[in-house]
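# Structural characterization, general
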Amino acid sequence: MRLFSAIPTTRPTTPLLDSIESPADLKPLSQAQLLVLADELREYLLYSAGQSGGHFGANLGVIELTIALHYLLDTPKDKLVWDVGHQAYAHKVLTGRRDRLATIRAKQGLTAFPERQESEYDTFGVGHSSTSISAGLGMSLALRHLKSDAKVACVIGDGAMTGGMAFEALNDAVQQDADLLVVLNDNDMSISCSIGGFSRHLAMLWESGYQVDITAGGKPKLTHRPEMPLADRRARHSAIRDIPQVADNLFKAIGFTYFGPFDGHDLPELLRVLERAKNVSGPVLVHVYTTKGKGFIPAEGDPVKYHAISKLPEKLEPKAADAQANFEKQASVQSAPTQLAKKKYSDVFGDFLCDKAAVDPKLIAITPAMESGSGMTEFAQRYPKQFFDVAIAEQHAVTLAAGMATLDVKPVVAIYSTFLQRGYDQLIHDVALQNLDVTFGIDRAGLVGEDGATHAGVFDLAYMRCVPNLIVATPKDEHECYQLLNTCYEYQGPSAVRYPRGTGPGATIVKPAQCYEVGKGVIESTHHSDSSAQPEVKIALLAFGPMVTTAEAAAQNLIAATELGAITVSVVNMRWVKPLDTQLLDELLAQGYTHMVTLEEHAVMGGAGSAVNEYLLNHTACIQQGVRIKNIGIADEFIAHGSHEQQLAECGLDVAGVTAHLQALLAVK
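Small disclaimer: the values here were computed from a predicted structure and weren't measured.

### Looking at the overall build of the protein chain
Of regular secondary structure, the protein chain possesses 26 helices and 19 strands. Classification of the 669 residues of the protein chain by burial places 57% in the buried group. Pairs at least 24 apart in sequence give 78% of the contacts found in the protein chain among residues at least 6 apart. Carbon and sulfur atoms make up 53% of the accessible area of the protein chain, which amounts to about 28100 Å² in all.

### A word on the UniProt feature "binding site: Mg(2+)" (unreviewed entry) in the protein chain
Mapped onto this numbering, the UniProt entry gives "binding site: Mg(2+)" (unreviewed entry) at Asp158 and Asn187. Look at the named residues: they lie 30 residues apart in sequence, but the longest C-alpha span between them is just 6.9 Å, so in the fold they bunch up. Inspection of the secondary structure assignment puts Asp158 in the loop between strand S3 (152-157) and helix H7 (164-175). By the element assignment, Asn187 lies in the loop between strand S4 (180-186) and helix H8 (197-208). Exposure remark for Asn187: the relative accessible area of 14% places this residue in the buried category.

### Focus on the UniProt feature "binding site: thiamine diphosphate" (unreviewed entry) in the protein chain
Taken from the UniProt record, the annotation "binding site: thiamine diphosphate" (unreviewed entry) applies to His86, Gly127, His128, Ser129, Gly159, Ala160, Asn187, Phe296 and Glu394. The buried category is assigned to Gly159, whose relative accessible area is 4%. Along the chain, Phe296 falls in the loop between strand S6 (283-289) and helix H12 (297-301). Classification of Phe296 as buried rests on a relative accessible area of 3%.

### Here we look at the packing of aromatic side chains
Under the criterion given, the structure shown has 10 aromatic pairs. Across the ring face of Tyr516, the terminal group of Arg575 is positioned such that the distance to the ring centre comes to 4.0 Å.

### With respect to the side chain of Thr111
Note that Thr111 resides in the loop between helix H5 (89-97) and helix H6 (132-145). Beyond its immediate stretch of four places on either side in the chain, Thr111 contacts Lys92, Ile104, Glu118 and His641.

### Some remarks on the packing of helix H4 (residues 63-72) against helix H11 (residues 267-277)
Orientation of H4 relative to H11, taken along the N-to-C sense of each, is 40°, at an axis distance of 9 Å. Classified by the angle their axes make, H4 and H11 are oblique. Both H4 and H11 take part in a crossing whose hand is right-handed. Touching Glu64, Leu65, Ile67, Ala68, Leu69, Tyr71 and Leu72 of H4 are Leu267, Leu270, Leu271, Leu274 and Glu275, all from H11. Here the contact of H4 with H11 is built from residues that sort into 10 nonpolar, no polar and 2 charged.

### Things to note about the packing of helix H21 (residues 547-560) against helix H26 (residues 655-667)
In the contact formed by H21 and H26, the axes pass within 9 Å of each other and the chain directions differ by 55°. Comparing their axes, H26 and H21 come out oblique. H21 and H26 meet at a crossing whose hand is right-handed. For the pair H21 and H26, contact is made by Met547, Thr550, Ala553, Ala554, Asn557 and Leu558 and by Val655, Val658, Thr659, Leu662, Gln663 and Leu666, respectively. Residues that form the contact of H21 with H26 fall into these classes: 8 nonpolar, 4 polar and no charged.

### So, a nonpolar patch on the surface
Together, Met1, Leu3 and Ile297 make up a nonpolar patch on the protein surface, roughly 310 Å² of accessible area in all. Structurally, the position occupied by Met1 is in the segment before helix H1 (15-18). Here Met1 falls in the partly exposed class, since its relative accessible area comes to 47%.

### A short note on helix H22 (residues 582-590)
All of the buried residues in H22 are Leu584, Leu585, Leu588 and Leu589. Buried residues of H22, seen end-on, are gathered within an arc of 145° and therefore sit on one face of the element. Contacts from the buried residues of H22 go to strand S14 (522-528), strand S15 (537-543), strand S16 (567-573), strand S18 (595-603), helix H23 (608-616) and helix H24 (620-625). Gly592 lies just past H22 and shows a positive phi near 80°.

Cut-offs and rules
- Residues numbered from 1 in each chain as written.
- Predicted model: local features only at pLDDT ≥ 70, side-chain atom pairs only at ≥ 80, totals over all residues.
- Heavy atoms only, no water.
- Helix = DSSP H or I, 4+ residues; strand = E, 2+ residues; numbered from the N terminus.
- Buried < 20%, exposed > 50% of the residue type's maximum accessible area, 1.4 Å probe, protein only.
- Contact = heavy atoms within 4.5 Å.
- Areas by Shrake-Rupley, 256 points an atom, 1.4 Å probe, with all protein chains shown as cover.
- UniProt positions renumbered as here; feature names shortened; annotations may be inferred.
- Phe/Tyr/Trp six-rings, centres within 6.5 Å; stacked < 30°, edge-to-face > 60°.
- Lys NZ or Arg CZ within 6 Å of the ring centre and 35° of its normal.
- Axes fitted to C-alpha atoms, helices over the stretch in contact; angles between N-to-C directions.
- Parallel < 35°, antiparallel > 145°, perpendicular 65-115°, else oblique.
- Left-handed = near helix turned anticlockwise from the far one by under 90°.
- Nonpolar A, V, L, I, M, F, W, Y, C, P; charged D, E, K, R; others polar.
- Patch = residues over 30% accessible without salt bridge, like charges linked within 9 Å, V, L, I, M, F, W, Y side chains within 5 Å.
- Salt bridge = Lys/Arg side-chain N within 4 Å of Asp/Glu carboxyl O.
- Arc of directions from axis to C-beta.

Shown next as structure tokens:
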């Protein structure tokens, strides 16, 4: 195997890879050629990741496994199901998408994850973890019903295997005696390190060296696996202290035929193992160990950092580079006294946790495998006894918090908007119904750019505001995020603060934390046109969350368009979706506002604008005055991947789009 220490900046020479247009082209290759192909594919993935950015370590870790599976299976007749999809780039390359890989995650380019509409080789659309075995089992049972001899193989990581859905599927696969091949890709990682009893069980299997001797026709026999590197042995040994060393294992205990563990980078061994395993009837699990970032030395040393990377900066010509450097140097000198580094919202959340825990020992923080992504790394280090990473188990995370809240502690759950969807029953039944004091820090709310529709957090307002007892805050910037987190934490009952991915506008956070009035918005600014005539048009822009900044710019654009006549535009920071500031709405009606326009980075259907509609359309003054209402948000569709800016523009949620919406509204007489 070739090792790399830098990401290629020019397309590497890959003659063998260039000859592969589909998995069928793998079949005539010799084992020696397959090894060459693995080296070429690894170098090509390094180059492509540098061009486009994206998921990195997991893809480098499954190159040999991907080649082996496509070599042995007859895809697309045979069904290959990937879990999450972080590791599917090599699969995309081998299934006819090699020359488009550099477009991955870009608008109108390849998707970040497998998607059925993209390729017949993508058997199931993924993005959330722990779904592959359930989906694969469904395919297997359907093929049985259709009397087809096609095979089904699922690839699932050890991190995704911690999700309860995966265990439900394993149990049912045995119940159904399904012909199903499950490949457990064990790299001791999800995004951060895998944790919990299941991870320790896998560590026990490594230490014991348990395998099935597949040369004996699949009959169980204890053998010795290849020696692991010293660093891996030390890491595994630290994970298995005080665990009984037994030869049997969880998968065999429930009824799976188990092969493993095997070296997932030993291509000849993988071919030998998987060839036998795919011909064993009933549910079969092959356990392989891999290294995230395999073959790229920096990633092997720091798999968390290299879970995903940004694309490499464009290389300028020497003269242009010098000019750019001089410009940046001058700009730096000019702006140095006032420029402050912008904080990510996740870091604002992490800072709040640390600050609050310093004065309140009752604070307990919970995350379902998103420690680093949610900005909790420092908190976990400083307050390890108050930090709980429950692995990829969103439903458990929510109910765990509910159980804690029945006693004298104050749990805070850090969770992405798209993943809270998975814990919705628990949010209603276990937290809100019992009116328990649980605070939710909901990260990645709104559109999330290149990760696309699977990770977009554009439904949370709709599914939360209909739940009794729950209050929901939407901060406009970093300072408000910090203060609203504190407000919701101090609130006695279930509460949620939703904030976007990435950085805010750069607002300075003023400490110590304060509490805002729950359910109270504020008028940020009022703009008047230059006309001396009495304004006949008064527009209230009711903005939720970061749309306040957009509303300010759009209001200024509208005022500058003098052909629209005399107008007044007020930008209202609503702050709360629930409870809604109906008193403020009453005041705006009393002041003679003729247009009420809501702005949100969320689906229009059921969102914050719908909450405003429900109030205004049942308000006598609104009806009598003929107030016009418009909701600006995301239409009834899934928004494809692209940059965040491109997504906002597509939805008409950037400044230009909102301005155009307002101009069109005023054009209607």
